[in-house]
Amino acid sequence: MKPVLPLHGVMAEFDNPTEFVAAIHAVKSAGYEGFDAYSPMPIEEAAEAMGLHGNKLPLMVLCGGIAGFCCGYALAYWTGVINYPLNIGGRPLHSWPAYIPVLFECTVLFAALTAVFGMLGLNGLPKHYHPVFNVERFALASRSRFFVCIEATDPKFDLEDTKRFLQSLTTVEVSEVQP
Amino acid sequence: MDSAPVQSRQRPYKPPVLGRGQTFDTVTDQISSVVDRTQQPRAWWIGFGIGFVLLNLLLVCVSCLFAWGTGIWGVNNPVGWAFAIINFVWWIGIGHAGTLISAILLLLRQDWRTSINRFAEAMTLFAVACAGIFPIIHTGRPWVAYWLLPYPGTMMVWPNFRSPLVWDVFAVSTYATVSALFWFVGLIPDLATLRDRAENPIAARIYGTFALGWRGSVRHWHRYETAYLLLAGLSTPLVISVHSIVSFDFAVGVIPGWHATIFPPYFVAGAIYAGFAMVLTIAIPLRRMYDIKDYITGQHLDYMARVMLATGLMVCYGYLTEAFFALYSANLFEQYMIQNRMFGPYTSIYWLLILCNGISIQALWFERVRRSPVFLFIICMFVNVGMWLERFVIVVTSLHRDFMPSSWFMYYPTIWDIGTFVGTLGLFITLLFLFIRFLPMISMFEMRTLVPAAEVKEEH
């Protein structure tokens, strides 16, 4: 027999972004913390409603860029001046202005890699399995519908109460999310 | 910026860039229907067929090249750089429009880029793939092409970081990597849409794998948008740097006609010019083939034609500057170079270039021409040819008569030169048609943000 896992949460569906954003406000002001909202495209107001301001990504990208610059410089300097000095027309070995193109490219490359993998890492992607996909109608979250899911881990979560609360917010559907 | 009817302080009037009556569902359905359908239109098969035949020509030409060496090409002394470099610069330039559309126009908040950025970025990738072939095969011993990279080897040698050719390796490989990342990041949410729609379980699994488990969480979107903007910010100087560095391959040399400070900006403008011509060359048949005129509207054609006109005029300014430099330099070799270009043995190519790049685009001053797909397509073909001829003029006419008349020689391409070039067109066309078949050619999630229903109404 399969072990019975606790429910992941309760999910409400919305058919327009205005109700969706209003619902996020309502869930937040009702005191819920452990919830997430899903939309088929980025909505600035939704991020504001969830209280998301800024993130670590720009700082990470800056560090990535600086690391790229340093690695590029170290490579050019060590190979060109220390390990394999080539006399080309009597020019100084450490002719740094000529390194600029390579340093620039290394900076951009490391920064861009940090931006992409940093974003995926902070988002916890790639993810093989997530309970929200157990709700059949969630397939519309990548198409035209908006969802708010209050998770069972929230201290205020109570199956009946939370369900009733979400039903008061939406005109569409509220469903339980199997684990 | 514009004094047209201004609706509010923040949002100046912008002409609509999406057909009327679109909703989240229609946008999703119409764009992904191209991928969902089991039977592609006849035009798709014709286009793919042509591309595939030409791709096989590329394989034949490259196989013969590897078997017999670069002697089968028309290169000689002094014209050691010919079709390979012309094609490399032409292809890489075409790629630049994709990055311009996806990055620079994003930062400038140009909404109209949304419906063309996906396939323009795909075009960038495929153009860079075509470009990348040439430096590798022109080395003559392509199996040791990895010698270009800095790696610790038993030979204990390192690349010279003061050489433009090494700069080129870094610039092009970084550009290819960052363009691929940018394209893939843009695709993730749309791959999730395809995963959720797919009826075929194998397709759902493949799209699902590449969608990385994307579920559209607002927290994810928040970081996603930051990452997307940062990538755009990084790509903007990158795209400028790549063609500047490509131009250094020439400008750092001392050959008359190459050694000019105008080269970097002139090359970048030329790249964007050629790229927009190629974007239009693809967009015009595409919107007819799949009936997506609601997404790629007359307004889009108009805007792209304006960019082409502006960059085309910059390129013409470059031609004038080159002539002026020669005149003003009081340098015998520079003066002879320009005279040789205009009236020497390759005179017809120079004047054809001026006709294609300078004169044909003057028609774009008229709005009726900019909004007419047929006229625009013809002009784009002129520009595609013109920009290729420009690289021919820069590479061949500068090299074939340099300082010493005893070393002068003519260059004529062989059938293998032409076959390899046409073959890369085949590679490009094949990849493009496969892309259209298997991936959404318009960014669905970005189109959803343009739908009227996407607006969040104020209620408190």
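Residues numbered from 1 in each chain as written. Chains lettered and ligands numbered in written order. Predicted model: local features only at pLDDT ≥ 70, side-chain atom pairs only at ≥ 80, totals over all residues. Heavy atoms only, no water.

Caption draft 1: Up close: the packing of aromatic side chains. All chains considered together, the criterion is met by 51 aromatic pairs over all chains. A connected cluster of aromatic rings, assembled from ring pairs, spans F83, W90, W91, Y346, W388, F392, Y411, F421 and F428 of chain B. One residue, K156 of chain A, lies across the ring of Y32 of chain A, its end atom 5.2 Å from the ring centre. One cation-aromatic arrangement involves R437 of chain B over F438 of chain B; the distance from NZ or CZ to the ring centre is 5.0 Å. (Phe/Tyr/Trp six-rings, centres within 6.5 Å; stacked < 30°, edge-to-face > 60°. Lys NZ or Arg CZ within 6 Å of the ring centre and 35° of its normal.)

Caption draft 2: Representation of the packing of helix α9 (residues 298-329) of chain B against helix α13 (residues 373-400) of chain B within the structure. Residues and elements named next belong to chain B. At a closest axis distance of 12 Å, the pairing of α9 and α13 adopts a crossing angle of 30°. The orientation of α9 relative to α13 falls into the category roughly parallel. Once α9 is placed against α13, the crossing between them reads as left-handed. Where α9 approaches α13, its residues L301, A305, M308, V315 and Y319 are matched on the opposing element by P373, L376, I379, C380, V383 and E390. For the contact of α9 with α13, a count of residues per class yields 10 nonpolar, no polar and one charged. (Axes fitted to C-alpha atoms, helices over the stretch in contact; angles between N-to-C directions. Helix = DSSP H or I, 4+ residues; strand = E, 2+ residues; numbered from the N terminus. Parallel < 35°, antiparallel > 145°, perpendicular 65-115°, else oblique. Left-handed = near helix turned anticlockwise from the far one by under 90°. Contact = heavy atoms within 4.5 Å. Nonpolar A, V, L, I, M, F, W, Y, C, P; charged D, E, K, R; others polar.)

Caption draft 3: Broad picture of the confidence of the model for chain B. Residues and elements named next belong to chain B. Here chain B shows a mean pLDDT of 88. Residues at 70 or above account for 96%. The secondary-structure element of chain B with the lowest mean pLDDT is helix α1 (residues 24-36), recorded at 82, while helix α14 (residues 415-438) shows the highest, at 94. Confidence drops under pLDDT 50 across residues 1-9; counting only partners more than four residues distant or on other chains, this segment forms four contacts. (pLDDT = per-residue confidence, 0-100.)

Caption draft 4: Just the pattern of salt bridges, in detail. Residue and element names in this part refer to chain B. In total, this model carries 17 salt bridges over all chains according to the counting rule given. When the shortest N-O distance is used, the salt bridge between R195 and D196 registers 2.9 Å. The exposure class assigned to D196 is partly exposed, which follows from its relative accessible area of 22%. Taking the shortest distance from any N to any O, the salt bridge between E367 and R371 comes out at 3.0 Å. The class for E367 is partly exposed, based on a relative accessible area of 42%. Using a relative accessible area of 33% as the deciding quantity, one classes R371 as partly exposed. Counted as one network, the salt bridges with shared partners bring together D302, R306, E367, R370 and R371. (Salt bridge = Lys/Arg side-chain N within 4 Å of Asp/Glu carboxyl O. Buried < 20%, exposed > 50% of the residue type's maximum accessible area, 1.4 Å probe, protein only.)

Caption draft 5: Highlighting unusual backbone geometry. For the peptide bond that leads from L125 of chain A to P126 of chain A, omega is 0°, which places it in the cis range. As for its position among the elements, P126 of chain A is in the loop between α4 (100-122) and β3 (146-151). A cis amide bond, omega 15°, links N77 of chain B with the succeeding residue P78 of chain B. Along the chain, P78 of chain B turns up in the loop between α2 (42-68) and α3 (83-107). A positive phi is found at M156 of chain B, a non-glycine position, where the angle reads about 60°. By the secondary structure assignment, M156 of chain B is in the loop between α4 (117-137) and α5 (164-197). Phi at L212 of chain B is positive, roughly 60°, even though this residue is not glycine. Within the secondary structure, L212 of chain B sits in the loop between α6 (201-211) and α7 (218-251).

Caption draft 6: Looking closely at α1 of chain B. With 13 residues, α1 of chain B ought to run about 18 Å at 1.5 Å a step, and its terminal C-alpha atoms sit 17 Å apart, in line with that. The largest bend along α1 of chain B reaches roughly 25° and is located at Q30 of chain B. Within α1 of chain B, burial applies to F24, V27, T28, I31, S32, V34 and V35 of chain B. Structurally, α1 of chain B contributes buried residues whose contacts are with α1 (17-29) and β3 of chain A together with α5, α6, α14 and α15 (444-450) of chain B. (Expected span 1.5 Å × (residues − 1). Bend = angle between axes of the 7 residues up to and from the residue.)

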